[in-house]
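# Structure assessment
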Amino acid sequence: MYDLHTHSTASDGAYSPSELVRQAGAAGVTALALTDHDSTAGLAEAEVTALEAGIRLIPGVEVSATWADKTIHIVGLRIDPDCDVLKQGLARLQAIRDERAQEMGRRLDRYGVPGTFEAAREMAGDGMITRTHFARYLASLGLAGSVKDVFERFLTRGKPGYVPTRWAEMADVIDWIREAGGVAVLAHPQRYKLTASWMRRLIGEFKECGGAALEVVSGTASPSETQSSAEYARRFELCASCGSDFHSPETVWVKLGRLPPLPSNLTPVWSLWNS
């Protein structure tokens, strides 16, 4: 059982890397990719526990990219985390994340909610500070009913804590992943809410840049969205990946390894390395 998109406390997940591996094993996952946002810091710890648990750990990362002024995410699978090109690229993005977090804190201060940056930094610990840490803190203050509600009220475009951010270019991100020996996967394509023509353009350019796979099965995708992604994978002759995008057990509708099978007539991304 494959789950090729998960997060730990190295970014915005709730479980430590080792606990994530243990939970995945309990859920029946036999091949797990840890794909933290713009960070590979959790991979070494996860690998130790995976060896103990008899789980195959696939080293990964979820990289933030900008394409046509839109934010997209590209998962790198089977990467070498010690690749200098990848490390330098991720360091750039980590600096951007820190700058964004400080600006989010300043904007929320001006809105009348002080101390959010400091609280988010404390919640992140040694991990990457993300919008989710801000959202969890604001939810703890009772400013919204849930983390999801906080995003909608405070952290999305036009809201008081929103900070527009330009990430690395998609072509550069794919180059970093390939330099690290990895496979580039376009994460959760249906989440970008693109029209059919824009989706074709995105996937076409993704493939031209060296992208190899689409995340066809995702934890939040509906059956119709999964079928749509499958059609794009067939049309553009891309491999198919699957991942829960698991962050926290509080998100009860997303479970580690709880994924439907890949639709028929697709080439699984793992065939690229199992062969």
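This report concerns the structure included in the present document. (Residues numbered from 1 in each chain as written. Predicted model: local features only at pLDDT ≥ 70, side-chain atom pairs only at ≥ 80, totals over all residues. Heavy atoms only, no water.)

## Points about the overall build of the protein chain
Looking only at helices and strands, the protein chain has 10 helices and 8 strands in total. Its C-alpha atoms give the protein chain a radius of gyration of 18 Å, within 12% of the compact-globule value 19 Å for 275 residues. Oriented by its inertia axes, the alpha-carbon framework of the protein chain measures out at about 55 × 45 × 40 Å. In the protein chain, which comprises 275 residues, the share counted as buried stands at 53%. Considering only intrachain contacts with a sequence separation of at least 6, the fraction spanning at least 24 residues in the protein chain is 72%. As presented, the protein chain carries roughly 12200 Å² of accessible surface, and 49% of it is formed by carbon and sulfur atoms. Counting 29 positive and 34 negative side-chain charges, the protein chain places the centres of these two groups 7 Å from one another. (Helix = DSSP H or I, 4+ residues; strand = E, 2+ residues; numbered from the N terminus. Rg over C-alpha atoms; globule rule 2.2 N^0.38 Å. Buried < 20%, exposed > 50% of the residue type's maximum accessible area, 1.4 Å probe, protein only. Contact = heavy atoms within 4.5 Å. Areas by Shrake-Rupley, 256 points an atom, 1.4 Å probe, with all protein chains shown as cover. Lys, Arg positive; Asp, Glu negative; His and termini not counted. Charge placed at Lys NZ, Arg CZ, Asp CG, Glu CD.)

## Quick look at the nonpolar core
One finds Leu4, Ile72, Ile74, Leu77 and Val269 to be the most contacted residues of the largest nonpolar core, which totals 70 residues. Sorting elements by how many residues they give to this core places strand β3 (residues 56–67) first, with 6 residues. Not counting the four nearest positions on each side in its chain, isoleucine 74 is found in contact with Val61, Glu62, Val63, Ala65, Met170, Val173, Ile174, Ile177, Ala184, Val185 and Phe206. (Core = buried A, V, L, I, M, F, W, Y, C linked by side-chain atoms within 4.5 Å.)

## Let's talk about the packing of helix α4 (residues 116–124) against helix α5 (residues 131–140)
Following both chains from N to C, one finds α4 and α5 inclined at 110°, their axes separated by 8 Å at the closest point. Here α4 lies roughly perpendicular to α5, going by the angle between them. Read as a crossing pair, α4 and α5 show a hand that is right-handed. Residue-level contacts link Thr116, Phe117, Ala119, Ala120, Met123 and Ala124 of α4 to His133, Phe134, Arg136, Tyr137 and Leu138 of α5. Class assignment for the residues of the contact of α4 with α5 results in 8 nonpolar, 2 polar and 1 charged. (Axes fitted to C-alpha atoms, helices over the stretch in contact; angles between N-to-C directions. Parallel < 35°, antiparallel > 145°, perpendicular 65-115°, else oblique. Left-handed = near helix turned anticlockwise from the far one by under 90°. Nonpolar A, V, L, I, M, F, W, Y, C, P; charged D, E, K, R; others polar.)

## Looking at the pairing of strand β8 (residues 239–243)
Among the 5 residues of β8, 5 are classified as buried, and the element is accordingly described as predominantly covered. The alternating pattern of β8 places Cys239, Ser241 and Gly243 and Ala240 and Cys242 on opposite faces, both of which are buried. Viewed along the sheet, the connection from strand β7 (residues 213–218) through helix α9 (residues 223–235) into β8 turns out right-handed. (Right-handed = clockwise from strand over helix to strand, strands pointing away.)

## Quick look at α9
Note that an α-helix has 3.6 residues per turn; residues three or four places apart therefore point the same way. Its 13 residues place the ends of α9 18 Å apart at the C-alpha level, agreeing with the 18 Å of an ideal helix rising 1.5 Å per residue. For α9, every residue scored as buried is listed here: Thr226, Ser229, Ala230, Tyr232 and Ala233. Along the axis of α9, the buried positions cluster into a sector of 160°, meaning they face one direction only. Exposed residues pointing more than 90 degrees away from the buried face of α9 are listed as Ser224 and Arg235. Residues of α9 that are buried sit in contact with α8 (196–208), β7 and β8. Two residues or fewer past α9, glutamate 237 is found with a positive phi of approximately 55°. (Expected span 1.5 Å × (residues − 1). Arc of directions from axis to C-beta.)

Everything listed is a geometric property; what it means functionally is a separate question.
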